[in-house]
Amino acid sequence: MLFCFLLLLFYLILIFLHLYGNMMILYNLGGDDMYNYVPIIDWKQGEQNALLKLNSLTKNEIVPLFIINLSGRTYKQKEKAFTRSNEELLKYGKERFEKSIIKAWENRQYYFSLSDDWYKEFSNGKYSYEIFKDFFEFTKKITGNKGIPTFNTSSFMDHHEQIINENNYFCLKIVTEDITRIEELTKLLSDSNLNESYIDLIVDLRYIGSNDLKFKLYNLEQICKSNEFISKFNKIIISSCSFPQSTDGLEQYKLLKFPRYEHQVHAKAKQLSQQYSFKYIYSDFGPLSITSIDYKPWIQSRFKMRYTTENENLFYIGYTQKKGGFDFSEISKACNILIKSDLYKGQDYSFGDDMIYKIAQKTVSKAGNTTSWITYSLNHHIELIEDYLKKEP
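Residues numbered from 1 in each chain as written. Predicted model: local features only at pLDDT ≥ 70, side-chain atom pairs only at ≥ 80, totals over all residues. Heavy atoms only, no water.

If you trace the 8 strands once around the closed barrel, you get E1-E2-E5-E6-E7-E8-E9-E11, paired in parallel fashion. Strand after strand, the sheet turns through a mean of 25 degrees between neighbouring axes, direction not considered. Inspection of the sheet shows strand E9 (residues 236-241) paired to strand E11 (residues 280-284) by 5 bridges, in the parallel sense. Among the inter-strand pairings, Ile238 is bridged to a residue of E11, identified as Tyr282. Strands in contact with helix H11 (residues 262-276) are strand E8 (199-207), E9 and E11; relative to E11, the strand with the most contacts, it is inclined by about 165 degrees. (Pairing = 2+ DSSP bridges. Helix = DSSP H or I, 4+ residues; strand = E, 2+ residues; numbered from the N terminus. Axes fitted to C-alpha atoms, helices over the stretch in contact; angles between N-to-C directions. Contact = heavy atoms within 4.5 Å.)

What follows is the structure in structure tokens.
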């Protein structure tokens, strides 16, 4: 009798430890209501600097999705060019991430996925779960359970058994074109008996313009109406981008204004979350392009200043670098146009706003390069969006 009692007690302890462990994972991942914004960010130098310079309170109230790039196949040393092997390139990529994540984001929660270049280099452009798993295990060594692996629809469907069995908490990212696969995804999730407390969903509407806003919102509603599917997730993160994707045909040397359609997506998402009872989190791509453009040495970089307001995206296009577009006087002129606008938030609003003001007033010695201006515009954008989300009813 005593033996049976001790055996029962032993099993109860094991069950408690399992539940406690899962609770601690959720706690370490930020809990259920600790954040309201998921900016989607390429993990590059300008973006890292923007995060580093954020207000500490803002850092604690957002959970970014980092798209981690791989670079450094070729490098120069003492004027000689060298090529890294696959093993060396992987080691280099991990070392760069380790140094940058600790510096820019410390011990905070984040989502992450690997950019396509990882798979182009190592698996002929095809998704490889083994490559992802290797990097994920590496992140756990440096940031513990703070990193949430994020999978697109195809990779999840191809590797769902491994993903579900080997990840305590993960995120599925779908685009509106995946609406035709909702039924199949629902079945996979139902058959897995996965606890919805351990999986988030990102619905990525991608770029939204005036021509397809209604269509994208209609698709969003169709996804949210799929209650059996939506109920499988802890949080529903809805992302979009309406910043101009191309400078072709745009007027130069003046402050241009474009409507922010993310504002309308947000309003629709809030309405749908109340209608269909799900936990909604706002997300966007910031003031940057969602499409990466391969570097070509014959293309001249051009000075561009991006600035987000509550309802509009502001855009200033200057000269190319060859024509002096990054000269201090030219950039200072652009900054003066912005700070004289009623839409400028003021020097003390963010690090980015402070630098814009100082460059306009010529109280700093350098006006920055392309990387610097990614930092200034993204830093201002994140502060503004988080400020807006905190103040809205």
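Alright, that's what it looks like, and here's the rest.
Glancing now at the sheet that holds strand E13 (residues 312-320). The strands that make up a sheet pair up through hydrogen bonds in the backbone, lying either parallel or antiparallel. Taken together, the 3 strands give an open sheet; going across it, the order is E10-E13-E12, and neighbouring strands pair in antiparallel fashion. Of all the strands in the sheet, just strand E10 (255-259) and strand E12 (302-308) have a single pairing partner and so form its edges. Each neighbouring strand pair of the sheet contributes to a mean axis angle of 25 degrees, computed without reference to strand direction. Summarising the sheet, E10 and E13 pair through 5 bridges and their orientation is antiparallel. Bridge pairing links Pro259 to Glu312 in E13. Across the sheet, helix H12 (residues 328-339) touches E10, E12 and E13, and the angle it forms with E12 is around 20 degrees.

To continue, consider the packing of aromatic side chains. All told, the structure shown has 25 aromatic pairs when counted by the stated rule. Each ring, one from Tyr110 and one from Phe112, has its centre 6.1 Å from the other, and the planes form 50 degrees; the classification is tilted. Centroid distance Trp118 to Phe135: 5.2 Å. Interplanar angle 70 degrees. Geometry classified as edge-to-face. Taken as a pair, Trp118 in helix H5 (residues 116-122) and Phe135 in helix H6 (residues 129-143) lie far apart in primary sequence, 17 residues in all. For Trp118, a relative accessible area of 1% puts it in the buried group. On the accessibility criterion, Phe135 (1% relative accessible area) is buried. (Phe/Tyr/Trp six-rings, centres within 6.5 Å; stacked < 30°, edge-to-face > 60°. Buried < 20%, exposed > 50% of the residue type's maximum accessible area, 1.4 Å probe, protein only.)

On to helix H8 (residues 182-192). When we look at burial in H8, the residues that qualify are Ile182, Leu185, Thr186, Leu188 and Leu189. Taken down its axis, H8 places every buried residue within 160 degrees of arc, on the same side. H8 presents Glu183 and Lys187 as exposed residues on the side facing more than 90 degrees away from its buried surface. Its buried side turned inward, H8 meets helix H7 (153-166), strand E7 (170-175), E8 and helix H10 (227-230). (Arc of directions from axis to C-beta.)

The subject of this paragraph is helix H9 (residues 213-225). With 13 residues, H9 should cover 18 Å at 1.5 Å per step; its first-to-last C-alpha distance of 18 Å lies within 8% of that length. Every buried residue of H9 is accounted for by Leu213, Lys216, Leu217, Asn219, Leu220, Glu221, Ile223 and Cys224. (Expected span 1.5 Å × (residues − 1).)

Glancing now at the pattern of salt bridges. Enumeration over the complete set of coordinates arrives at 19 salt bridges. Between Lys345 and Glu310 there is a salt bridge, with its nearest N and O atoms 3.1 Å apart. Of the two residues, Lys345 is situated in the loop between H12 and helix H13 (351-361) and Glu310 in the loop between E12 and E13; the sequence distance between them amounts to 35 residues. Its relative accessible area of 28% is what places Glu310 among the partly exposed residues. A salt bridge links Glu330 to Lys333, with the nearest nitrogen and oxygen atoms 3.5 Å apart. (Salt bridge = Lys/Arg side-chain N within 4 Å of Asp/Glu carboxyl O.)

Here we come to the pairing of strand E5 (residues 110-114). Among the 5 residues of E5, 5 are classified as buried, and the element is accordingly described as predominantly covered. Side chains of E5 alternate between two faces, with Tyr110, Phe112 and Leu114 and Tyr111 and Ser113 buried alike. Bridge count for strand E2 (residues 65-68) against E5 is 4 bridges, and the pairing is parallel. If you follow Leu65 over to E5, its bridge partner there is Tyr111. Here 3 bridges tie E5 to strand E6 (residues 147-152), and the two strands are oriented parallel to one another. Bridging from a neighbouring strand, Phe112 pairs with Pro149 of E6.

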